[in-house]
Amino acid sequence: MGTAIAFLNTLPPELLSLAMIATAYGGVLVMMRLFGLTGLTAFIVVAIIAANFQVMKTAQFSVFAHPVALGTELFTSTYLAIDVIAENYGAAAARRTIWTGFACQILFTFVMLLTLGYHPLPEGAAVEGALTTLMLPQVGLLAAGLMSYLLSQHLDVTIFAWLKKRTGGRQLWLRNGASNIAAALLDNTVFSLLAWRVFAAHPVPWDSVIFTYILGTFGIRVFVSLLDTPFIYLSRKMFRAIPHRKGVAGAA
């Protein structure tokens, strides 16, 4: 594992981002093909938790003057997963999945806080320090992430379902792209203001919050969102190829 990480450290962050996108979007399709709605829900839970840890690490991309927090690609893939659910299983199923992800994140946090509550033994000091370093920043990020997650994901489903009705089920690319982009802007704005200004122990300067965290990463998310269009078409084709799942398609 150490050798693999050392090799990955030599690669440019832009290349790693492309690998992350391929892994995340491919993961959505694989989990759907293997486990259906349950697999998509599991993917979203894993992506939310992992992205909340990724956001604590920054990387220097060549197109930005300041380091950028990670997690954008992985978290953006949850919008693809939600749209796949809304398209194939219905808006009601998508909203239930959003709340499932919300509940799982809270449960995970409480479990880890209880874990840290055990008095550490001297021989476990290194592990205790690592867990504390990972979990303590999660309190402010958790509040910011959960609020932005709920607002943006519900906006995504609402726009997606509205456009699907307005277009008579046609123009999948339009409802997927429009809902993702609108939700990404809302998520970026709410999360950045809360995480880097309101709840931050050392608030990030306003110019960085606006131009790097909100607008800068929003540009990345628009690009990433556009890349998911072939994947949502593939998901619909895959879903229709599974006879026993057809009956639930398009449920309200």
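Quick summary incoming for the structure in this document. (Residues numbered from 1 in each chain as written. Predicted model: local features only at pLDDT ≥ 70, side-chain atom pairs only at ≥ 80, totals over all residues. Heavy atoms only, no water.)

**Considerations on the pattern of salt bridges**
Cut-off, in case you're wondering: Every case where a carboxyl oxygen of Asp or Glu lies within 4 Å of a side-chain nitrogen of Lys or Arg is listed as a salt bridge. To qualify as a helix, a DSSP run of H or I must reach at least 4 residues; to qualify as a strand, a run of E must reach at least 2; elements of each kind are numbered from the N terminus. When accessible area is computed with a 1.4 Å probe and restricted to protein chains, residues below 20% of their type maximum are described as buried, those above 50% as exposed, and intermediate ones as partly exposed.
Within the structure shown, the criterion is met by four salt bridges. The residue E87 makes a salt bridge to R236 at a minimum N-O spacing of 3.5 Å. In this pair, E87 sits in helix α3 (residues 72-88) while R236 sits in helix α9 (residues 229-240), placing the two residues 149 residues apart along the sequence. Like R236, E87 is buried.

**Focus on the nonpolar core**
Side chains of nonpolar character tend, in soluble globular proteins, to be buried together. Test applied: For the purposes of this section, nonpolar cores are sets of buried Ala, Val, Leu, Ile, Met, Phe, Trp, Tyr and Cys residues that join through side-chain atoms within 4.5 Å. Residue contacts follow a heavy-atom distance rule, with two residues in contact if any of their heavy atoms lie within 4.5 Å.
Ranked by internal contacts, the top residues of the largest apolar core, which has 34 residues, are V28, L40, F43, I44, V84, I85 and Y149. With 11 residues, the single largest contributor to this core is helix α2 (residues 13-54). Apart from the residues lying within four places of it in its own chain, the contact partners of I44 are T78, A81, I82, I85, T97 and Y149. Judged by nonpolar contacts, the second largest core, of 13 residues, contains A144, V190, W196 and I214.

**With respect to the packing of helix α7 (residues 172-198) against α9**
Stated precisely, the cut-off is as follows: Between the N-to-C directions of two axes lies an angle of 0 to 180 degrees, each axis being a line fitted to C-alpha atoms and, for a helix, fitted only over the stretch in contact. Roughly parallel refers to an angle under 35 degrees, roughly antiparallel to one over 145, roughly perpendicular to one between 65 and 115, and oblique to any angle outside these ranges. With the far helix as reference, a near helix turned anticlockwise by less than a right angle produces a left-handed crossing, and one turned clockwise produces a right-handed crossing. When residues are grouped by polarity, Ala, Val, Leu, Ile, Met, Phe, Trp, Tyr, Cys and Pro land in nonpolar, Asp, Glu, Lys and Arg in charged, and all others, Gly among them, in polar.
As a packed pair, α7 and α9 sit with axes 10 Å apart at the nearest point and diverge in direction by 125°. What the angle tells us is that α7 and α9 run oblique. Handedness of the crossing formed by α7 with α9: right-handed. Counting all contacts with α7, which are made through L172, W173, R175 and N176, the residues of α9 involved are T229, I232, Y233 and R236. Split into classes, the residues belonging to the contact of α7 with α9 amount to four nonpolar, two polar and two charged.

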